[in-house]
Each structure stands twice: as structure tokens, then as C-alpha cells.
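For reference, the chains in residue letters:
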Amino acid sequence: MEEIDLRSDTVTHPTPEMREAMARAEVGDDVLREDPTINRLQEMAAAMMGKEAGLFVPSGTMGNLLAVLTHCGRGDEVIMGDLAHTFLYEAGGVAALGGVMPHTIPNQPDGTLKLEDIRAAIRPDDVHHPVSRLVVLENTHNRCGGVPLTVEYTCRAGELAHRHGLLLHLDGARIFNAAVALGIRAAELATPADSVTFCLSKGLCAPVGSVLCGTVEFIERARRIRKQLGGGMRQAGVLAAAGIVALTKMIDRLAEDHQRARMLAEGLANISGLRLDHPVPATNMVFVSLADSVSYSAAQIAERLRSDGVKIGVVGERRFRLVTHYWIDDQKVEKTIEAFRRAI
Ligand code: TLP
């Protein structure tokens, strides 16, 4: 990857080691549960999340959708943040395909939901109301700046949900970024949740795939729904092989991406006309806005950067998101800061 593409960590290409593992992968029919590489990946993933079982799925979106469809029935309600990826960026799948109502409450700047807001959103048992069934948290929280939720907070949210008979799903698309930033094992963050989805194809660089984890019974039901959605992928061991490299080789190095996000933030903070959301990013995302003094729109600045060889995400009229990843080295961070200086 020669270009400088900071639009997301989803743009990462597989590493040379992944491509080799993919070429060598043993495969079988996964719908018949006969793909040894997928079976191995699922076992590894479940162990790393502290869960009984895992299910390989094509995307984080399908993992979250499967979790909601497996936990909830039609007309049930799922409580989530108004900035949750599942609410904003998954094409309304829970409503369109599950008949499940999202009940949104405000995300706090640190990515959490206030416990009192969750409590207030849980419906009393009354025929007039939908049944409150599930709470969804996101870790790291994308739109809140890639911030990690703590173990303590996740435990308290899980206890609250369980006390009222609800379940907790964790959209852990970037749970390993959270774990590395907090210096803990991902399983500690996933333990309070009944189910968790994490992605192999973001900072971990695998080309495709996510894993949904939970109890054996939950995963069995999710497996049937995965088939209904057309997510039974047959000889997808070629993809799972890259996922195994992701889980064995790519987690600890996420700290480098976090360090580069801090370098990038520091450089951008010195450019007058730019305002950082978080001067010291917690993980691999840098959110930055244009000051009033800048007459260009975010789209215009992004276009200028693009013609200078740098791609960034536009996430508002005057706001950008830049995501560091394996293919962004120190030199690319410096070039990006220079390109911003020229553009503004
Ligand atoms: N997020 C993408 C875009 O969809 C916005 C990105 O570039 O960050 N949960 C979270 C928290 C995510 O950030 C994403 C992807 C997903 C789920 C969905 O994963 P995929 O793209 O594999 O369906």
C-alpha cells in the first residue's frame, strides 16, 4: 500500500504473511462445519473473548445483526447509543430484517451510556410497550473518538441489564485496540457481555471477516440465522487463515498505530485552523475540525489533500476522521501533516 489512506483501518490490505497462510490454508465446507481452518479460528476467537463458542461471519455488520436477531424477536426493543455504529451505519438492518426497534439514548463523549439513561429506557412490563430485550455497547467507540470503555463500566452496564432481565451485546469491532490501550486482555472487556462481535479486517489487517462469540446455545441459533442471511461461506478457510495470523501476530502491534495517532494529532494541533476533538487520541482515530477562520469546507480540504496523495474521511460539514493502521508509518504521518499545512 503506497498511497496514504487514512480514511479507515478497513482499507488495510493483508500482510505478506497472511497471503502465504491463505495460499496454504486447509479448507472444507463450513456450512457442514468441515472447514478445519474456520473451526480453528472460531475456537481461538472464543477463547480470546472468554466465551464458549465463535462463529465466523463476513463482516462486523453481519455479526452485530446476527446478535440482535438471535437475542431479540420481532417488536422487541434494543437500547443503544444515538452514535452507535449499529444505529448509524448498519443500514437499519435490525429494523429492516428483524423488526427490532432501536431505542436510542445519548452517547456520552466518553462513548458510554449513562446507567440512569439505560435504566430509564427499560420498559415496564405492560401490554402497551415493546419488550426491552437487549443493550448494545460499542468498544472502542467509533464516533466518540475511538475511545475505549473500561472493564468497570462494562460490568456495571452488564449488571444493570441482567438485573432487569435484559442481555448485553458488545460491538467490539475494535476491542483489541481497547484492550491494548487499557493494557488488559480483551476477554476482560467481553466477560460482562452475553455476546461480542470483533473484526479481523480493521486494524488487524485480515482482508475479510469478523467473529461473533457467545454461549454454545446462542451460537447454534446464530448459525441458523447466518444461513438465512446467506452468510454460510463454504470454503472460507482461505479467509480464516488470514484471521488466524491477525489474532496471533497483529494484536500487540496496535500500540504502534495508537502512538502514530498521537503523533498525527500533535502535528495537526500545531496548524492554526484545525481543532482536535481529543488532543491525545486514546487509540487509532484522530477527529479534527476546521476552525471558523477557515473558509473552505471539509469536503474541499479533503479534495485538496487527495490531489496531494492523502485520503482522509469527511464526517461532517467541517469535521474529519483520520485512522492510523499497519500501512501508515512515521513518514506517512509526517507527509500527512505537511499536506494539511499546504491545504489550509
Ligand atoms: N466501521 C467503518 C464504517 O462503517 C464507518 C469504519 O470505517 O469505521 N462496528 C463498528 C464500531 C465499526 O466501526 C464498523 C465499521 C462496524 C461495526 C462494521 O464492520 P464491517 O465494515 O465489517 O461491516
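What you see is a predicted model; the values in this text were computed from it and never measured.

Trainee: When you look at helix α1 (residues 16-24) in this model, what are you seeing that I'm missing?
Mentor: Since the α-helix packs 3.6 residues into each turn, any two residues three or four apart lie on the same face. Burial in α1 covers these residues: Met 18, Ala 21 and Met 22. The buried residues of α1 occupy an angular sector of 105° when the element is viewed end-on, so they sit on one face. Exposed side of α1, more than 90 degrees from the buried face: Pro 16, Ala 23 and Arg 24 are the residues found there. Contacts made by the buried residues of α1 are with α11 (237-249).

Trainee: It is not clear to me how the pattern of salt bridges should be interpreted in this structure. Could you clarify?
Mentor: Between side chains of opposite charge, pairing is possible as soon as their charged atoms come close. Inspection of the entire model under this criterion finds 19 salt bridges. For Glu 217, the salt bridge is made with Arg 221, and the minimal N-O distance between the two is 2.8 Å. Residue Glu 217 and its partner Arg 221 are both found in helix α10 (residues 216-228); the two are separated by four residues, about one turn of the helix. Among the residues examined, Glu 217 registers a relative accessible area of 48% and is labelled partly exposed.

Trainee: So what exactly am I meant to see when it comes to the site of the ligand here?
Mentor: Of all residues adjacent to the ligand, which total 15 residues, the nearest are Ser 8, Gly 60, Thr 61, Asp 171 and Arg 174. With respect to the ligand, the side chain of Asp 171 contributes an N or O atom lying 2.7 Å from a nitrogen atom. In isolation the ligand has 510 Å² of accessible area, and contact with the protein removes 81% of it. In a pocket analysis with a 2 Å cut-off to the grid points, the ligand is assigned to the largest pocket. Per element, the largest residue contribution to the shell around the ligand is three residues, and it comes from helix α3 (residues 60-71). Residue composition of the shell around the ligand, by class: one nonpolar, eight polar and six charged.

Trainee: Would you explain the environment of His 129 in this entry?
Mentor: Within the secondary structure layout, His 129 lies in the loop between α6 (115-121) and β5 (132-138). His 129 sits 119 residues away from Thr 10 along the chain, and the two C-alpha atoms are 39 Å apart. With residues near it in sequence (within four places) discarded, His 129 still touches Arg 123 and Pro 124.

Trainee: It is not clear to me how the domain arrangement of the chain should be interpreted in this structure. Could you clarify?
Mentor: A common way to express how large an interface is: the accessible area buried when the components associate. On domain assignment, one finds that the chain holds domain 1 (11-248) and domain 2 (253-343). Computed from C-alpha coordinates alone, the two centres of domain 1 and domain 2 are separated by 28 Å. Between domain 1 and domain 2 lies a buried interface of about 1500 Å² when both sides are counted; carbon and sulfur atoms form 63% of it. Considering only the surface of domain 1 that becomes buried against domain 2, Arg 143, Gly 145 and Asn 177 emerge as the three largest contributors, covering 29% of it. The interface formed by domain 1 and domain 2 includes zero salt bridges. At the junction of domain 1 with domain 2, the criterion picks out five residue pairs in polar contact (both at pLDDT 80 or more). With four residues, helix α8 (residues 175-182) is the single largest residue contributor to the side of domain 1 that touches domain 2.

Trainee: Looking at this structure, how should I read the sheet that holds strand β8 (residues 210-214)?
Mentor: Pairing between sheet strands relies on hydrogen bonds along the backbone, with the strands arranged either parallel or antiparallel. Overall, mixed pairing links the seven strands, which are arranged β2-β8-β7-β6-β5-β3-β4 in an open sheet. In this open sheet, the two strands that pair with only one neighbour each are β2 (53-57) and β4 (101-105). The average angle at which neighbouring strand axes cross in this sheet is 20°, direction not considered. Of the pairings in the sheet, the one linking strand β7 (residues 195-199) to β8 comprises four bridges and is antiparallel in character. In the sheet register, Thr 197 faces β8, and the bridge partner there is Leu 212. Along the sheet, α3 makes contact with β2, β5, β6 (167-171), β7 and β8, crossing β7 at roughly 170°.

Trainee: Explanation requested: the layout of surface pockets in the structure shown.
Mentor: Any empty space left between atoms is shown by rolling a water-sized probe over those atoms. Taken as a whole, the largest pocket holds about 360 Å³ of empty space. The wall of the largest pocket is formed by 26 residues, among which Thr 10, His 85, Asn 142, Arg 174 and Lys 202 lie closest to the centre. Taken together, the elements giving at least two residues each to the lining of the largest pocket come down to α3 and β12 (313-316). In terms of residue class, the lining of the largest pocket is made up of six nonpolar, 12 polar and eight charged. Two domains each provide a minimum of three residues to the lining of the largest pocket, namely domain 1 (11-248) and domain 2 (253-343).

Definitions and limits used
- Residues numbered from 1 in each chain as written.
- Predicted model: local features only at pLDDT ≥ 70, side-chain atom pairs only at ≥ 80, totals over all residues.
- Heavy atoms only, no water.
- Buried < 20%, exposed > 50% of the residue type's maximum accessible area, 1.4 Å probe, protein only.
- Helix = DSSP H or I, 4+ residues; strand = E, 2+ residues; numbered from the N terminus.
- Arc of directions from axis to C-beta.
- Contact = heavy atoms within 4.5 Å.
- Salt bridge = Lys/Arg side-chain N within 4 Å of Asp/Glu carboxyl O.
- Near = heavy atom within 4 Å.
- Polar contact = N/O pair within 3.5 Å; in protein donor to acceptor, adjacent residues only side chain to side chain.
- Areas by Shrake-Rupley, 256 points an atom, 1.4 Å probe, with all protein chains shown as cover.
- 1 Å grid on protein atoms, 1.4 Å probe; cavity = no way out; pocket = protein on both sides within 12 Å on 5 of 7 lines; lining within 4 Å.
- Sits in = over half its atoms within 2 Å of the grid points.
- Nonpolar A, V, L, I, M, F, W, Y, C, P; charged D, E, K, R; others polar.
- Domains from an automatic or database assignment.
- Buried area = accessible area lost by both parts, 1.4 Å probe.
- Pairing = 2+ DSSP bridges.
- Axes fitted to C-alpha atoms, helices over the stretch in contact; angles between N-to-C directions.
- Points joined across faces, edges and corners; volume = space filled by probe spheres on them.

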